[in-house]
Amino acid sequence: MEVRDHQLIIVGAGPAGLCAALYAARSEIDAVLIDPGPAGGQLLLTDRVDDYPGIKTIGGMELADAMAEHAESFGMKLTRGTVKSIERDSEGRFLAETAEGDTYRAPAVIMTAGGTHKLLNAPGEAEYAGRGVSYCAICDGAFFKGERIAVIGGGDAAVEEGEFLTRYAEKLYVIHRRDEFRAQKMLQDHLLGNPKVEVIWDTVVDEIVGQPTGVSGLKLRNVKTGHESELDVSGVFIFIGFTPNTGSLKEHVDHDESGYIVTDGDMRTSIPGLFAAGDLRSQLVRQITTAVGDATTAVFAAERYLKERSAARDTSENGSEGQTETMMESNA
Ligand code: NAP
């Protein structure tokens, strides 16, 4: 088995990963950024970004390309691969194995793998996935020109992507399980100001129904009154949050009750040498701005970790029993 050695492995090329790769390259750290797809992460599924300071409005893909080009100009090494396991060897180095059969080794890792869309787990969801059930407005919205469609959820993604879908839909229903959105006020105002939009409050989807050709409607239930109803739609877009992509970590790492990785202010996790940045980190908000901020801190903390580890190993080789590294690990 060929092992590729680096100083730092960065897992996931969304905004956090690209920013980490940029700073690592600038600092002349030998880093590899691993991602299965083209660079950009969630940006590739985002129509428009209008809250990135200094840029009034920009397409998600355009911003992804700009970030990737910027990091490349500093010498970012981006490699295709799906990291399936991350384990430590006896020397405390991380071994990252990809589904494609490659193995990368480094004393430090920054996890920037983001999250995966949560499933509604309603009957019909899996059956009609790709035939009317979608998790990406940009990818699939245009298939529903002039049709009646529904969005499920009440967070930023549901409200923002819902507004995007009004350009195609004849009528857009937003179905939310409570009587208020958690989305940012400005996003809500844009959505609610659109005459094509109707919000169905306090309501859950009991079933997604359809025909061989695809989705034809939803069975709904009002959670306050128990009233059941049916809604004719040909598409349903589900935006009910994220599950953090932490499954590749084979060793226990401290996380919150929803599975998001807990870090300190320097993005250090409970495992020495393992840092986390962006959407998979436990924090109040998950924005592009917070992702790149996290990533910047993580790179400088990782660089410090690498220097301290290397100094501790030198000391150890010179006979002082590796005290520095032991101290450093107990502080992490
Ligand atoms: P989110 O903020 O966690 O919102 C999920 C929504 O789905 C909530 O309204 C929740 O209802 C609802 N929900 C959860 N489970 C459900 C279920 N089983 N059935 C029905 N409804 C369910 O997730 P998100 O909107 O995907 O956003 C994820 C993160 O990315 C957030 O931090 C968000 O701020 C950020 N983001 C930001 C932007 C932006 O700034 N432009 C855009 C997209 C995402 P309750 O409200 O009742 O819990």
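Scoring rules and cut-offs
- Residues numbered from 1 in each chain as written.
- Predicted model: local features only at pLDDT ≥ 70, side-chain atom pairs only at ≥ 80, totals over all residues.
- Heavy atoms only, no water.
- Pairing = 2+ DSSP bridges.
- Helix = DSSP H or I, 4+ residues; strand = E, 2+ residues; numbered from the N terminus.
- Axes fitted to C-alpha atoms, helices over the stretch in contact; angles between N-to-C directions.
- Near = heavy atom within 4 Å.
- Polar contact = N/O pair within 3.5 Å; in protein donor to acceptor, adjacent residues only side chain to side chain.
- Areas by Shrake-Rupley, 256 points an atom, 1.4 Å probe, with all protein chains shown as cover.
- Nonpolar A, V, L, I, M, F, W, Y, C, P; charged D, E, K, R; others polar.
- pLDDT = per-residue confidence, 0-100.
- Contact = heavy atoms within 4.5 Å.
- Buried < 20%, exposed > 50% of the residue type's maximum accessible area, 1.4 Å probe, protein only.
- Disulfide = S-S within 2.5 Å.
- Phe/Tyr/Trp six-rings, centres within 6.5 Å; stacked < 30°, edge-to-face > 60°.

Let's shift gears to the sheet that holds strand β9 (residues 103–106). Read from one edge to the other, the open sheet built from 4 strands follows the order β1-β9-β8-β7, with strand pairing classed as mixed. Of all the strands in the sheet, the pair left with one neighbour each is β1 (3–5) and β7 (83–88). Averaged over all neighbouring strand pairs, the angle between strand axes comes to 25 degrees, with direction disregarded. Across 3 bridges, the pairing between β1 and β9 is parallel.

Quick look at the site of the ligand now. Close to the ligand lie 19 residues; Asp 156, Arg 178, Arg 182, Gln 184 and Gln 287 are nearest. Take Arg 182: an N or O atom from its side chain is 2.7 Å from an oxygen atom of the ligand. The contact in question runs from an oxygen atom of the ligand to an N or O atom on the side chain of Gln 287, over 2.6 Å. Compared with its free state, where it exposes 910 Å², the ligand has 79% of that area covered by protein. Per-class residue counts for the shell around the ligand are 5 nonpolar, 7 polar and 7 charged.

Our next topic: the confidence of the model for the chain. Within the chain, residue pLDDT values average 93, and 96% of them lie at 70 or more. Scored below 50 in pLDDT, residues 321–332 shows 17 contacts in the model against residues more than four places distant or in partner chains.

Glancing now at the side chain of Thr 166. For Thr 166, the position within the fold is in the loop between α4 (156–165) and β14 (171–175). The buried category is assigned to Thr 166, whose relative accessible area is 6%. When residues no more than four places from it in sequence are discounted, the contact partners of Thr 166 are Leu 172, Asn 194, Lys 196 and Val 197.

Let us look at the state of the cysteines. In this structure the tally under the stated criterion is 1 disulfide. Each sulfur of the disulfide joining Cys 136 and Cys 139 lies 2.0 Å from the other. Between Cys 136 and Cys 139 the sulfur-sulfur dihedral comes to about 75 degrees; the bridge is accordingly right-handed. Here Cys 136 falls in the buried class, since its relative accessible area comes to 8%.

Turning next to the packing of aromatic side chains. Any pair of aromatic rings gets described here by the distance separating the centres and the angle formed by the planes. Summed over the entire model, instances satisfying the criterion amount to 5 aromatic pairs. Each ring, one from Phe 144 and one from Phe 237, has its centre 5.5 Å from the other, and the planes form 75 degrees; the classification is edge-to-face. With a gap of 93 residues between them, Phe 144 in the loop between α3 (137–140) and β13 (148–152) and Phe 237 in strand β19 (residues 235–238) connect regions that are remote in the sequence. Judged by relative accessible area, which is 8%, Phe 144 ranks as buried. According to the relative accessible area criterion, Phe 237 is buried, its value standing at 0%.

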